[in-house]
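Read off the chains here:
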Amino acid sequence: MEKKWTQLWLKYDKKQDAGNGAFVQTVKFCGFDTKAAVVANAWKELQRGVSGMLGIVPALAGDGTENPKMVIALDAETVKKEGYRISCNDGCLKLEAADENGVLYGVFHVLRLIAMEQPLSKVTILCEPDNPMRMYNHWDNMDGSIERGYSGNSFFFEKGELIIDERITDYARMVASVGINGVVINNVNVKDEATWLITDRYFAKVAELSNVFAGYGIKLFLSLNYAAPLELGGPDSADPLDEDVIAWWKTKMAEVFAKVPNLGGFLVKADSEGRPGPFTYGRTQADGANMLADIVKPYGGIIIWRCFVYNCTQDWRDYKTDRARAGYDNFIEMDGDYHDNVILQIKNGPMDFQIREAVSPLLGGLKKTNQMLEVQVAQEYTGQQIDLCYLIPLFKEVLDFKTYCKPENDTVADVVSGRTYGNKNAGIAAVCNTGNDENWTGNDLAAANFYGFGRLAFTTSLSAEEIAEEWVKMSLSCEQEVVDAIVNLLLGSRETYEKYTSPLGIGWMVTPHYHYGPSVDGYEYSRWGTYHRADHLGLGVDRTDNGTGYVRQYYEPNASMYNDIKTCPEELLLFFHHVPYTHMLKSGKTLIQHIYDSHFEGVEEVEAMIRVWNGLEGKVPFCAYEVIKERFARQLQNAKEWRDQVNSYFYRKSGIADEMGRRIY
Ligand code: GCU
């Protein structure tokens, strides 16, 4: 049967040999059992990749006198957990791995080099994951829909059932190939059938799925409904300190881990956007998280507790309440109270995955608590996989951010990797952008984000450019001219998107609920706490000492830097300050002129991207070419709509004309 989905960067089409074929003809394993699931899958993958790309079927070498060209050996002494070393000596390629996951990742590395047509003979590399936990979170519902999904329906669920088919295996291969070792399959908003995933109704399938994942070194996690006791016929409460509730969870978890022993644990969205949680019972977030954590601990389980807790029924007239403050205010006081198998999962910004916002001060703000970064690969606010927006530069910016929580090792990357405070329960999670579309991600170019997040989580020092180049070579073309053109498109795309949407860190201005396309005042008088505060004189949210005081959630010198309009980074100007339209920017332009110029430029840049893309006709696979071309056409429409609505809005508010006299409505 022909597959109704592509193989993305694992397509293994014919490649130039670059002398690589010589190494992968006979392979010998030392210290690894080739029948163990992960090693067996690694071996299968090596055969599949090499035969596809080089037309050679690698053979397994026995213990005899053969002279294997490639040796895969155990080295748990000088290589760290999940890591591997690849080297080439005297015509023999050596892959030394710390454990089975290391073998799998090392094999995928070898295949990546072959796919990129790079000579294996030149490689000497030690790769050890920077983050212990590298996770994808899927917001898939059991009816098959996906919250904030832009690539079709779920491939995990359909009509209230789990699907376990070949596509699931391909998914596992795909994410394992970039080093992902944990996956949450269901939406953080756990409702209806999903609450029942921890019952007999689903155990068999959940266990089966966890085994498929385990074969690729991936732990399955589930999102948990905090109010499960009430909904599954337990006590009439979810109070974390209530003995009956605790007893109910104990029985439940004993059952869950007996039936699904490979389960990694749970992700919990509590007291957030209407989801139940400990606040209902006058308890703290720590009470809730610790209760569950203590119960799953004997099974090696982990509780990942989200910090997206804020007041979503705010009055827009209220200038004191600041949604940006909420995460920190709700979690900082209990720093140190969370048990060691709890991890707090913190979104990169204090608001919600905008194209530009400040870095959450909770990251690094917490000093005695396991923490994990959450980013969004799904393009909810960043073009919904219609518009091109390569997000790795944004993620890198966040990871490189200096928190000043300590004199050294104080970047977000340090904190979430566990380096800063020596935590082992740490890492990065991303909301995934996949669905059951043939090309997985709607826009073929959005697969660069799907690929890139994993690579970045494994090796944080990789540049956005390196990651883009790898992805293009494996997915679209190895022809340097084509590679350069596409890499440039990717690298410029975030700034282009930012130019034609909301300016200088203010965020939103999107169509309510749907979050695609402009609606400048769409959320301005709503309950969500996402205001731009524009009037006839200026715009922006005052989060300084004179405003909401949010700036004080940062350590110095960040707090003072943001507090002062003269030192506040301009790309975040409107996030931190309410600024007159006539305010002069470093570029020598007024704020209003910057808004006009950037919006005209944004559209021009999309037009330029389209010209580049049209020039690639015939040089990339036809299907991808056509899909991307169609997406670009929609992006241009979107960009124009944004330009015209934003410019007209601010012209009408301010009464200040564009210096260049361009068309504003
Ligand atoms: C955003 C998003 C929701 C999601 C929420 C979350 O608000 O729009 O769909 O549920 O984030 O992260 O929990």
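The rules behind the values
- Residues numbered from 1 in each chain as written.
- Predicted model: local features only at pLDDT ≥ 70, side-chain atom pairs only at ≥ 80, totals over all residues.
- Heavy atoms only, no water.
- Core = buried A, V, L, I, M, F, W, Y, C linked by side-chain atoms within 4.5 Å.
- Buried < 20%, exposed > 50% of the residue type's maximum accessible area, 1.4 Å probe, protein only.
- Contact = heavy atoms within 4.5 Å.
- Helix = DSSP H or I, 4+ residues; strand = E, 2+ residues; numbered from the N terminus.
- Expected span 1.5 Å × (residues − 1).
- Axes fitted to C-alpha atoms, helices over the stretch in contact; angles between N-to-C directions.
- Parallel < 35°, antiparallel > 145°, perpendicular 65-115°, else oblique.
- Near = heavy atom within 4 Å.
- Polar contact = N/O pair within 3.5 Å; in protein donor to acceptor, adjacent residues only side chain to side chain.
- Areas by Shrake-Rupley, 256 points an atom, 1.4 Å probe, with all protein chains shown as cover.
- Nonpolar A, V, L, I, M, F, W, Y, C, P; charged D, E, K, R; others polar.
- Disulfide = S-S within 2.5 Å.
- Domains from an automatic or database assignment.
- Buried area = accessible area lost by both parts, 1.4 Å probe.
- Salt bridge = Lys/Arg side-chain N within 4 Å of Asp/Glu carboxyl O.
- Phe/Tyr/Trp six-rings, centres within 6.5 Å; stacked < 30°, edge-to-face > 60°.

Among the nonpolar cores identified, the biggest contains 222 residues, and Tyr136, Phe213, Trp249, Phe266 and Trp305 are the most heavily contacted of them. Aside from chain neighbours lying at most four places away, what touches Phe266 is Ile198, Phe221, Leu222, Leu224, Met253, Val256, Phe257, Val296, Ile302, Ile303 and Ile304.

If you check helix α2 (residues 100–115), its first and last C-alpha atoms are 23 Å apart, about what 16 residues at 1.5 Å a residue would give, namely 22 Å. Most of α2 sits out of view: 15 of its 16 residues are buried. A positive phi of about 60 degrees marks Glu117, the residue just after α2.

Here we take up the packing of α2 against helix α3 (residues 166–177). Running from N to C, α2 and α3 cross one another at 85 degrees; their axes reach a closest spacing of 9 Å. Between α2 and α3, the crossing angle belongs to the class labelled roughly perpendicular. Residue-level inspection shows Leu104, Tyr105, Phe108 and Arg112 of α2 in contact with α3, the latter providing Arg173, Ala176 and Ser177.

With that settled, consider the site of the ligand. Not every one of the 13 residues close to the ligand is listed here, only the nearest: Glu147, Lys269, Arg306, Lys347 and Glu380. Between the ligand and the protein, one listed contact pairs an oxygen atom with a side-chain N or O atom of Asn189 at 3.0 Å. Out of a free accessible area of 320 Å², the ligand has 95% covered by protein chains. Of the residues in the shell around the ligand, the class split is 3 nonpolar, 2 polar and 8 charged.

Another aspect to go through is the state of the cysteines. Counted according to the given criterion, the structure contains 0 disulfides. With no disulfide of its own, Cys623 lies closest to Cys478 among cysteine sulfurs, the gap being 20 Å.

Let us look at the domain arrangement of the chain. Taken as a whole, the chain is organised into domain 1 (15–127), domain 2 (133–462) and domain 3 (499–541 + 578–654). Just the C-alpha atoms count here: the centres of domain 1 and domain 2 sit 33 Å apart. Listed by partner, the interface residues are 13 residues for domain 1 and 15 residues for domain 2. Carbon and sulfur atoms supply 47% of the area buried between domain 1 and domain 2, which totals about 1,200 Å² over both sides. Considering only the side of domain 1, the residues that lose the most area to domain 2 are Tyr105, Phe108 and Arg112, jointly responsible for 40% of the buried surface there.

Applying the stated criterion across every chain yields a total of 42 salt bridges. Measuring nitrogen to oxygen at the nearest pair gives 3.4 Å for the salt bridge that ties Lys259 to Asp200. Of this pair, Lys259 sits in helix α6 (residues 243–259) while Asp200 sits in helix α4 (residues 200–214), and the two are 59 residues apart along the sequence. Using a relative accessible area of 55% as the deciding quantity, one classes Asp200 as exposed. The closest approach of N and O atoms between Lys473 and Glu469, which form a salt bridge, is 3.0 Å. One end of the pair is Lys473 and the other is Glu469, both in helix α12 (residues 464–475) and 4 residues apart, which spans about a single turn. Residue classification places Glu469 among the partly exposed residues on the basis of a relative accessible area of 23%. One connected set of salt bridges, linked through shared partners, spans Lys3, Glu45, Glu166, Asp170 and Arg173.

Here the amide bond leading from Glu556 into Pro557 is cis, since omega sits at 0 degrees, within 30 degrees of zero. We note that Asn409 has phi near 45 degrees; this positive angle belongs to a residue other than glycine. Tracing the backbone through its elements, the reader meets Asn409 in the loop between α9 (392–400) and α10 (412–417). Positive phi, close to 75 degrees, is recorded for Trp440, a residue that is not glycine. Tracing the sequence through the fold places Trp440 in the loop between β16 (427–431) and α11 (447–458).

This brings us to the packing of aromatic side chains. For the coordinates displayed, the defined rule picks out 35 aromatic pairs. Aromatic pair Tyr105 and Phe458: ring centres 5.3 Å apart, planes at 75 degrees, arrangement edge-to-face. Taken together, the residues span a long stretch of sequence, with Tyr105 in helix α2 and Phe458 in helix α11 at a distance of 353 residues. Ring geometry for Phe401 against Tyr554: centres 6.4 Å apart, planes inclined by 75 degrees, an arrangement best described as edge-to-face. Pair noted here: Phe401 is in the loop between α9 and α10 and Tyr554 is in the loop between β17 (538–539) and α14 (558–563), with a separation of 153 residues, a long-range link.

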